[in-house]
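# Tertiary structure, described
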Amino acid sequence: MEAAEVKDLIDEAHERERAKHRPAGHHHSEDSEEGGHGVKMSTAIYISVLAAVLAIVSVAGSNAGKELMASAIEASDSFAYYQSKTQRQISLRLAADELELLSAGMPADAQAKAMQRSAEYRQSADRMEADEGKNSRKDLLAKAKAAEVRRDHAAAQDPYFDFAEGMLQLAIVLASVFAITNRGFILWASRGLAAAGVLMAVDGFTLILPLPFL
């Protein structure tokens, strides 16, 4: 619900209340108008605060969802590249073993070339494991595991923000209903939902208290 819509609802409700009390006398009408203005102001401020908190929670939930997708893709790509490197490494070592076996019955020159090529294959395979560059097997594996950690963290946060957003939206709706009906129990229900939504959002940011149903 937009802020302008909430203001219109509140103004309309209190205009009706002022119309009911006008025949009762000038002083009573002024007191009613002042009291109505105070309730209208406090309700508008309350709804504005809820809307601001809801905006923060919505952004946090959206960011968690984006992080979940991006990290899942990064982890998948890194593991695929890691497996490709591993298969290439195994192929090089198998080729080196095969050359060494075949070189046993070769002439000396051919045997020397085969052994040299075998050594080159083994060096290439070892570099895939030991290189400190961003494409080494070790770094690819570390990158994939780090992406998995970020993915799992975002996946844990996301439902908290979803529940918090829903509770805050309901709290705003109930606050708007209170502005029209002036029923106290509706306001308390709104406050209860707002408090639960804020606590759920804080838990989503910190994950201090894991909830079993999420």
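Every chain's residues receive numbers from 1 upward, in the order its sequence appears when written. Totals for whole chains, interfaces and linings use all residues, but because this is a predicted model, local features are given only for residues with pLDDT of at least 70 and pairs of side-chain atoms are given and counted only at 80 or more. Neither water nor hydrogens contribute to the side-chain values; these are computed over all heavy atoms in the structure.

## Considerations on the overall build of the chain
Inclusion rule: Working definition: helices are DSSP H or I runs of at least four residues, strands are E runs of at least two. Numbering for both runs from the N terminus. Summary of the burial criterion: residues with accessible area below 20% of their type's maximum are buried, those above 50% are exposed, and those between are partly exposed, where the area comes from a 1.4 Å probe applied to protein chains only. Every residue pair with non-hydrogen atoms within 4.5 Å of one another is taken to be in contact. In this description, accessible areas are obtained by the Shrake-Rupley approach with a 1.4 Å probe, and a residue is regarded as covered only by the protein chains that are shown.
Secondary structure summary: the chain contains five helices and zero strands in total. Listed N to C, the secondary structure of the chain is α-α-α-α-α in terms of helices and strands. Looking at the 214 residues of the chain, the share that counts as buried comes to 27%. Counted over contacts in the chain with a minimum sequence separation of 6, partners at least 24 positions apart contribute 74%. For the chain, the exposed surface amounts to about 13,200 Å²; the carbon and sulfur share of it is 61%.

## Examining helix α5 (residues 184-206)
Note the cut-off: The span you would expect from a helix comes to 1.5 Å times its residue count less one.
For α5, spanning 23 residues, the distance from its first C-alpha to its last is 33 Å, which sits close to the expected 33 Å at 1.5 Å a residue. What α5 keeps buried is the set I186, L187, S190, A194, G197, M200, A201, D203 and G204. L207, located one to two residues past α5, shows a positive phi value of around 55°.

## Re the packing of helix α4 (residues 137-181) against α5
As a reminder of what qualifies: For helices, the axis comes from a line fit to the C-alpha atoms of the stretch in contact; other axes are also lines fit to C-alpha atoms, and the angle between any two N-to-C directions lies between 0 and 180 degrees. Here the word oblique covers every angle except those under 35 degrees (roughly parallel), over 145 (roughly antiparallel) and from 65 to 115 (roughly perpendicular). Crossing handedness is defined as follows: a turn of the near helix away from the far one that is anticlockwise and smaller than a right angle gives a left-handed crossing, while the clockwise case is right-handed.
Running from amino to carboxyl end, α4 crosses α5 at an angle of 160°, the nearest separation of the two axes being 8 Å. The orientation of α4 with respect to α5, classified from their angle, is roughly antiparallel. The chirality of how α4 crosses α5 is left-handed.

## Describing the side chain of S118
To keep it simple, the criterion reads: Pairing of N or O atoms within 3.5 Å defines a polar contact, subject to two protein rules: one partner must be a possible hydrogen donor and the other a possible acceptor, and residues neighboring in sequence count only if both atoms are side-chain atoms.
In this structure, S118 sits in helix α3 (residues 108-130). Take S118: its relative accessible area is 0%, and that puts it in the buried class. There is a polar contact of 3.1 Å between the side chain of S118 and the backbone oxygen of A96. Leaving out residues up to four positions away in the same chain, S118 has contacts with A96, L99 and E100.

## Observations concerning a nonpolar patch on the surface
Going by this rule: Patch membership requires over 30% relative accessible area and the absence of a salt bridge. Like charges are linked within 9 Å, and nonpolar side chains (Val, Leu, Ile, Met, Phe, Trp, Tyr) within 5 Å. Any carboxyl oxygen of Asp or Glu within 4 Å of a side-chain nitrogen of Lys or Arg constitutes a salt bridge here.
Taken together, the side chains of M41, I45 and V49 present a nonpolar region at the surface, about 270 Å² in accessible area. As for its position among the elements, I45 is in helix α2 (residues 26-102). I45 gets classed as partly exposed once you look at its relative accessible area, which sits at 48%.

## Some thoughts on the nonpolar core
Heads up, the rule is: Take the buried residues of types Ala, Val, Leu, Ile, Met, Phe, Trp, Tyr and Cys, join any two whose side-chain atoms come within 4.5 Å, and each joined set is a nonpolar core.
Membership of the largest hydrophobic core comes to 21 residues, with the highest contact counts inside it found for Y46, L50 and V57. Every element with two or more residues in this core is listed here: α2, α4 and α5. Among the elements that take part in this core, α4 stands out by supplying nine residues, more than any other. In contact with Y46, not counting residues within four places along its chain, are A175, L187, S190, R191 and A194.

## Digging into the confidence of the model for the chain
For clarity, the cut-off: Summary of the metric used: pLDDT quantifies the predictor's per-residue confidence within the range 0 to 100.
Taken over all residues, the pLDDT of the chain has a mean of 83, while the share at 70 or more is 79%. Mean pLDDT in the chain bottoms out at helix α1 (residues 3-21), which sits at 57, and peaks at α5, which reaches 95. Taken together, the stretch residues 24-28 has pLDDT below 50 and engages in one contact with residues farther than four places along the chain or on a different chain.

## Here we look at α4
The first and last C-alpha atoms of α4 sit 66 Å apart over 45 residues, in line with the 66 Å expected at 1.5 Å per residue. Taken from the residues just after α4, N182 is the one with a positive phi, measuring 60°.

## A word on the environment of E120
With respect to the helices and strands, the residue E120 is situated in helix α3. Residue E120 is classed as partly exposed on the basis of its relative accessible area, which comes to 36%. As for E120 and A96, which are separated by 24 residues in sequence, their C-alpha atoms are 8.3 Å apart.

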